[in-house]
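Structure assessment
For reference, the chains in residue letters:
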Amino acid sequence: MSTETTELRRRAATSWPIRRWLTLLASITAALLVGVIVAGVLALGSLDQARVRLVDEIDPGLTGAQMLTSALLNQETGVRGYLLTGDRRFFAPYTQGQAEQARAVTQLRDAGAQPGTVAGADLDAVLERAGEWQRLAETWTAPGAPQVGAQQVELSKAYFDGVRQVLDVQRGHYTSARAEARADLDTTATFLQSVLAVVAVLLIGLFAALYLGFRRAIARPLQTLATEVRAVTEDDLNRQVSVSGPRELVQLGADVEDMRRRIVAELAELQRARDELQRSNSDLEQFAYVASHDLQEPLRKVASFCQLLQRRYQGQLDERGDQYIEFAVDGARRMQALINDLLAFSRVGRKTGESAEVDADKLVKQAMRNLETVVEETGATITHGELPVVHGETSLLTGVFQNLLSNALKFRGEQPPDIRIEAERTGDDWTFSVTDNGIGIEPEYADRIFAIFQRLHPKSAYPGTGIGLAMCRKIVEYHGGRIWLDTAAPAGHTRFRFTLPVEPVPAPGEEPAAKTAESETP
């Protein structure tokens, strides 16, 4: 372990961990919130008591007192009307007033006007005074009582004035109690509002403290670490990573520094291996090219003399001699085709042409022209949809379409070949498909068919070197795409798919286009 990493780990051991910071902040927050919650609960209790007293006692009591006053006034009106006229019809309000009085008394008792309370004493005083007046009035209004005059009317008024006095006292007490309860309710509500305001201030303060504490203890060190790592990845791998802050971040910085040092060491080793591999590949490609090229001349000579023997001595030898010459001519031809295919295979990726924008429609048409004779012989139908413009080497991409079309024509079924070429965009790629109605390929051979020299049929059944699909894969991968057999194709059809990037892929050794820098969140 390096000295710098050891120092980072020593600093990590002496730093507060994030858990301790969070525990401290949580404890302070909990203590403040508990205090505020207790005060709030007490305020709510007081508010509820004031509300209950006002709503369930004072207001119903005041309403009952008003009902009692109205009932007694109705009684007084009935008595006075009867005393003045002697007509029993004017006495009806008295009877109704007594029923209302009973309901009012019941409401007052339910609202707390019980013995031992101010409201109970007021109610008892009202009932006592009203009882005296009622007993006197009933002696005047009872059936068979002697007729009364103005003297009884004045006496009744004097007695009822006493009833009015105690009613006024009762109403005054209820009014004062209501004002006091209202004041208590307002005071409690104001206190509760103050508690809520304190809660809001505390929450704002806590959030501010949490934000500043998080920013200072975690976000800023984390941003510093991210900046250090980004500088290493984008600028200089030899730059040392150093970070301060909580224990976890310091430990993370130490781990990143260890990883950076291992990456630097592995990259150095990888670069050495890459240089060695490039030299080996260059030598191997040069050997393959020279070997294949040097084989062409003696092979052409062998093929020429074999063909010359075939033309000159055809029919002069026995049947077996002609057969041997035919074998030699056919072998020489297949060897030439194999060497030519190997040369073409080895040239892929060796910068054989300039990459440019190419209309895929033109590539397909060129491949069809190259196969025109076979197309006419087989009666094939080749159609395609709208094809895009792609980036690549014209000759290589033409070879992809030509190999796929050639396979479709070669491995045909009993019906004339029907080949369809289509393309669609999928994300950052163009996906091409070549579908035919040939003999098909079993799904278990989906990977094997792209290996060089791999064949699924004997040479006598289907001619060829077995290098066509391997060539397609190498060309497609050289252009940044991939190729595969679509095993989900409809029954009785074979479908190959391959992709090509929408944007051009930089050639080996070239720098990719600069990416737009992403905005950083502070």
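Structural notes, computed from the coordinates. On a predicted model such as this, the values are computed, not experimentally measured, just so you know.

**Details of the sheet that holds strand β7 (residues 494-501)**
In space, the five strands of this open sheet follow the order β2-β4-β5-β7-β6, with mixed pairing throughout. With one partner strand each, in any of the chains shown, β2 (381-384) and β6 (483-485) form the two edges of the open sheet. With direction set aside, neighbouring strand axes in the sheet form an average angle of 15°. Note that strand β5 (residues 429-436) and β7 share eight bridges and pair antiparallel. Across the sheet, residue Asp 429 finds its bridge partner in β7, namely Pro 501. The strands that helix α8 (residues 360-370) touches are β2, β4 (418-426) and β5; relative to β2, the one it contacts most, it runs at about 175°.

**Describing a nonpolar patch on the surface**
Taken together, the side chains of Leu 33, Ile 37, Val 41, Leu 203, Phe 207 and Leu 210 make up a nonpolar region of the molecular surface, amounting to roughly 530 Å² of accessible area. Elements represented by at least two residues in the nonpolar patch include exactly α2 (18-85) and α5 (150-234). When you line up the elements, Leu 203 lands in helix α5.

**A look at the packing of aromatic side chains**
Following the criterion strictly, the structure yields six aromatic pairs and no others. Where Trp 133 meets Phe 160, the ring centres are 5.0 Å apart and the plane angle is 65°; that geometry is what we call edge-to-face. You can see Trp 133 sitting in helix α4 (residues 118-141) and its partner Phe 160 sitting in helix α5, a full 27 residues away along the chain. We note that Trp 133, like Phe 160, is buried. Relative to Phe 432, the ring of Phe 401 lies with its centre 5.8 Å away and its plane at 80°, an arrangement referred to as edge-to-face. A residue pair is termed long-range when its members are at least 10 positions apart, and Phe 401 in helix α10 (residues 394-410) and Phe 432 in strand β5 qualify at 31 residues. Three or more aromatic residues link up through ring pairs in this structure, and these residues are Phe 91, Tyr 94, Trp 133 and Phe 160. The ring of Trp 430 carries the charged tip of Arg 425 above its face, separated from the ring centre by 6.0 Å. It is Arg 482 that lies over the ring of Trp 484; its NZ or CZ is 4.0 Å from the centre.

**Examining the side chain of Arg 497**
Along the polypeptide, Arg 497 turns up in strand β7. Of the polar contacts made by the side chain of Arg 497, one reaches the side chain of Asp 486; its length is 2.9 Å. When near neighbours in sequence (up to four residues on either side) are disregarded, Arg 497 contacts Glu 424, Thr 431, Phe 432, Ser 433, Arg 482, Ile 483, Trp 484 and Asp 486.

**A closer look at the pattern of salt bridges**
Inspection of the entire model under this criterion finds twelve salt bridges. Here Asp 161 and Lys 157 are joined by a salt bridge, their closest N and O atoms 3.5 Å apart. Highlighted residues: Asp 161 and Lys 157, both in helix α5, separated by four residues, approximately one helical turn. Of the residues examined, Lys 157 reaches a relative accessible area of 46% and is grouped as partly exposed. Among the salt bridges present, the one from Glu 422 reaches Arg 420, with a minimum N-O distance of 3.4 Å. You can call Arg 420 partly exposed: its relative accessible area is 33%. Linked through salt bridges whose partners overlap, the residues forming this network are Lys 157, Asp 161 and Arg 164.

**So, the pairing of β4**
Two strands pair when backbone bridges link them, and β2 and β4 are joined in this way by four bridges, in the parallel orientation. Bridging across to β4, Thr 383 finds its partner in Arg 420. Judged from the seven bridges that link them, β4 and β5 form a sheet pairing that is antiparallel. The residue of β5 that forms the bridge with Arg 425 is Trp 430. Where β4 hands over to β5, the hairpin turn is made up of two residues, of which Gly 427 adopts a positive phi near 70°.

**A few points about the packing of α10 against helix α11 (residues 468-478)**
Helix packing geometry: the angle between the two helix axes and the distance between the axes. For the pair α10 and α11, the least separation of the axes is 9 Å and the interaxial angle reads 145°. For α10 against α11, the interelement crossing comes out left-handed. On the side of α10, the interface is formed by Leu 396, Leu 397, Val 400, Asn 403, Leu 404 and Asn 407, while α11 contributes Gly 468, Leu 469, Met 471, Cys 472, Ile 475, Val 476 and Tyr 478. Classifying every residue of the contact of α10 with α11 gives ten nonpolar, three polar and no charged.

**A word on the packing of α8 against α10**
Taken N-terminus to C-terminus, the directions of α8 and α10 make an angle of 60°; their axes are 8 Å apart at the nearest point. Relative to α10, α8 is oriented oblique. The two elements α8 and α10 cross, and the hand of that crossing is right-handed. Mapping the contact onto sequence places Leu 363, Val 364, Gln 366, Ala 367, Met 368 and Asn 370 in α8 and Thr 394, Leu 397, Thr 398, Phe 401, Gln 402 and Leu 405 in α10. Class assignment of the residues belonging to the contact of α8 with α10 gives a composition of seven nonpolar, five polar and no charged.

Analysis parameters
Residues numbered from 1 in each chain as written. Predicted model: local features only at pLDDT ≥ 70, side-chain atom pairs only at ≥ 80, totals over all residues. Heavy atoms only, no water. Pairing = 2+ DSSP bridges. Helix = DSSP H or I, 4+ residues; strand = E, 2+ residues; numbered from the N terminus. Axes fitted to C-alpha atoms, helices over the stretch in contact; angles between N-to-C directions. Contact = heavy atoms within 4.5 Å. Patch = residues over 30% accessible without salt bridge, like charges linked within 9 Å, V, L, I, M, F, W, Y side chains within 5 Å. Areas by Shrake-Rupley, 256 points an atom, 1.4 Å probe, with all protein chains shown as cover. Salt bridge = Lys/Arg side-chain N within 4 Å of Asp/Glu carboxyl O. Phe/Tyr/Trp six-rings, centres within 6.5 Å; stacked < 30°, edge-to-face > 60°. Buried < 20%, exposed > 50% of the residue type's maximum accessible area, 1.4 Å probe, protein only. Lys NZ or Arg CZ within 6 Å of the ring centre and 35° of its normal. Polar contact = N/O pair within 3.5 Å; in protein donor to acceptor, adjacent residues only side chain to side chain. Left-handed = near helix turned anticlockwise from the far one by under 90°. Nonpolar A, V, L, I, M, F, W, Y, C, P; charged D, E, K, R; others polar. Parallel < 35°, antiparallel > 145°, perpendicular 65-115°, else oblique.

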